[in-house]
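Here is what each chain is made of, one letter per residue.
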Amino acid sequence: MSDPSSWLLRCVCLLAWLALPVLAQPSTDHALAAAAERPAAAALYQQHCATCHGAQRTGLMGPALLPESLERLRKPEALKVISDGRPATQMPAFAKVLNPQDIASLAQWIYSPVVPTPTWSDEDIRRSRVQPPPAGALSSRPIWQADPMNLFVVVEGGDHHVSLVDGDRFERIHRFPSRYALHGGPKFTPDGRYVYFGSRDGWITKYDLWNLRVVAEVRAGLNMRNVAVSADGRWVMAANYLPHSVVLFDADLNWVKTLPARTLDGQHSSRVSAVYDAAPRKSFIVALKDIPELWEISYDPQVEPIYDGLVHDHRMGEGLAKPGFLNVRRTLLEEPLDDFFFDQRYRHALGATRPHANGQGRAQVVNLDIRRKVADLPIAGMPHLGSGITWSWQGTTVLASPNLKGQAIDVIDMQTWKLLRAIPVPGPGFFMRSHENTRYAWTDSMMSPQAKDTLTIIDKTTLQPVASVREPGRTLAHIEFTKDGKYALASVWEMDGALIVFDAATFKEIKRLPMSKPVGKYNVFKKITRSEGTSH
């Protein structure tokens, strides 16, 4: 394989959204004209885009141009890429090549579904795997001078790079290009040496943090949500939106098996929202977006067999079982749950539903041992349980979760599943973090146009907000703590953004490092020890 940068810095052509007004009831003439433009758009795509992005828009050297892949791309950013290209890549500028009508037609084309739906087979997965040739002997210890347990992996979404930052000196150790649109948070091996990145386009990259090199890459699907790494470091699992599946790999990203996300009778399939490693259970937990089931896939060779349905149900094959190892154990739900939090023992999964007709979601508790719902959570709005945290409080353990639509942090008693306190914040947020060695939890309000520039600091003993920090007019989000909890790092979530280091006790700014939209930062120690103050 060539230098990874040749794969990762190539064209991202025509990532655009039609910035034209849409009529609520288009005229017949307008509909006919739009239909007539489709063949022309297809021809333009084949002429200008297919070489980089594939004949079916599934991606080659450049990323996929599918509706699922472009859902988070903002129109102004997309139009700028179309017109001006991307600096330091092979993405050309099209402003002098295509007229505005052609650009608009292509934009409509790439945001329309591909018919027939693209497929990605097990053979496609196997063929996609790439492994760079060895570049000399690998060191058994870091080749850089810093504490490998206090390393921060910072995903810079602005120009698709990753920075490695020393968590003691707050200096950048290394910076390298990533796949397009990393998503779902990097996952680490138990020793902290290797990290796995997942991209929206389905690529998984295994990176050696100690030797600063890519180890292997494979494409698990066409649109992927996240990856999980087993607690023993032997397995990697990918959650796909397209195709509807979870895919299992060994630690070196060799394909092992694909599990289609279907109901037991095969009549319905689902996008896979996420996959999580449940270390105490030696299993993966799978969240399904479109069918009311929760899956558990054990990687314990000694796990008990799986009986689908009733053991004495002749329709299922009376008394017959399938091996529990690396197969699906189903929990049937009332409705799909696609955002999860787990208690520290991974006995309970706390899941959120999608919004109902009234715009409100719902949250519930599922006991993974008896495989059924045991409680509803009294959380209004749209809780983001995946970013929840826990801590000890007055003899119990509490869960606090940000809310995508509410102006409060709901604090739940994890013994009674009752609401203890609704802590007011300036606006809805996405991330919340703390550390065992600090009395404070930090949360953002990045979903609020007015309060996106504010981090609220909450006293975990009084359950009250005590301070805030601001970056006026700019999005301030995603806190993470150093290994010892003395410093909190926040992201200025802008193209010309920064990583800001705060003293976790005084809330004073200590230092800032310029970054290109640092969408997330991840401390190795906190991740591999499954700290209660960070998401898992």
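Refer to the structure above for everything that follows.
Here is what the cut-offs are and how they apply
- Position numbers for residues start from 1 in each chain and track the written sequence from start to end.
- Owing to the predicted nature of the model, reporting of local features is limited to residues with pLDDT of at least 70; listing and counting of side-chain atom pairs is limited to 80 or more, with chain, interface and lining totals taken over all residues.
- Working from all heavy atoms in the structure, the side-chain values ignore hydrogens and water.
- Runs of E in the DSSP output that reach at least two residues are strands. Runs of H or I that reach at least four are helices, and both are numbered from the N terminus.
- For the exposure calls, accessible area comes from a 1.4 Å probe over protein chains only, and a residue counts as buried if that area is under 20% of its type's maximum, exposed if over 50%, partly exposed in between.
- We call two residues in contact whenever any of their non-hydrogen atoms come within 4.5 Å of each other.
- Being paired, for any two strands, means DSSP has found at least two bridges between them.
- Contacts described as polar in this section are N or O atom pairs within 3.5 Å, which, within protein, must combine one atom able to donate a hydrogen with one able to accept it, while residues neighboring in sequence count only if both atoms come from side chains.
- What counts as a salt bridge is simple: a side-chain nitrogen of Lys or Arg found within 4 Å of a carboxyl oxygen of Asp or Glu.

**Student:** For this particular structure, what's the right way to read the overall build of the protein?
**Tutor:** Tallying secondary structure elements over the protein gives seven helices and 32 strands in all. When the 536 residues of the protein are sorted by exposure, 56% land in the buried category. Put simply, of all contacts in the protein between residues at least 6 apart along the chain, 50% involve residues at least 24 apart.

**Student:** Mind showing me how you'd approach the pairing of strand β28 (residues 476-481) here?
**Tutor:** The side chains of a regular strand alternate between the sheet's two faces. In terms of burial, β28 is largely enclosed, as six of its six residues are buried. In this structure, β28 lies alongside strand β29 (residues 487-492), joined through four bridges in antiparallel fashion. Note on β29: the bridge partner recorded for Ala477 is Ser491. In sequence, β28 turns back onto β29 through a hairpin of five residues, with Gly485 there showing a positive phi of about 80°.

**Student:** I keep staring at helix α5 (residues 100-110) and nothing clicks. Help me out?
**Tutor:** Helical geometry: 3.6 residues make up each α-helical turn, so side chains three or four residues apart lie on a common side. Those residues of α5 that sit buried are Ile103, Ala104, Ser105, Leu106, Ala107, Trp109 and Ile110. Among the residues of α5, the N-terminal cap falls to Asn99, whose side-chain oxygen and the backbone nitrogen of Gln101 are separated by 3.0 Å.

**Student:** Even after reading the chapter, I still don't get the side chain of Gln364, so can you show me in this structure?
**Tutor:** Checked against the element boundaries, Gln364 lands in strand β18 (residues 363-367). Of the residues examined, Gln364 reaches a relative accessible area of 0% and is grouped as buried. When neighbours within four sequence positions are excluded, Gln364 is seen to be in contact with Glu334, Glu335, Leu337, Ala349, Leu350, Gly351, Thr353, Lys373, Ala375, Asp376 and Leu377.

**Student:** Could you clarify how one ought to interpret the pattern of salt bridges in this entry?
**Tutor:** Where charged atoms of side chains with opposite charge meet at close range, the side chains can pair. In total, this model carries 27 salt bridges according to the counting rule given. As a salt-bridge pair, Arg347 and Asp369 come within 3.3 Å of each other at their nearest N and O atoms. Here Arg347 is found in the loop between β16 (339-342) and β17 (348-352), whereas its partner Asp369 is found in the loop between β18 and β19 (372-377), with 22 residues between them in sequence. The exposure class assigned to Arg347 is partly exposed, which follows from its relative accessible area of 34%.

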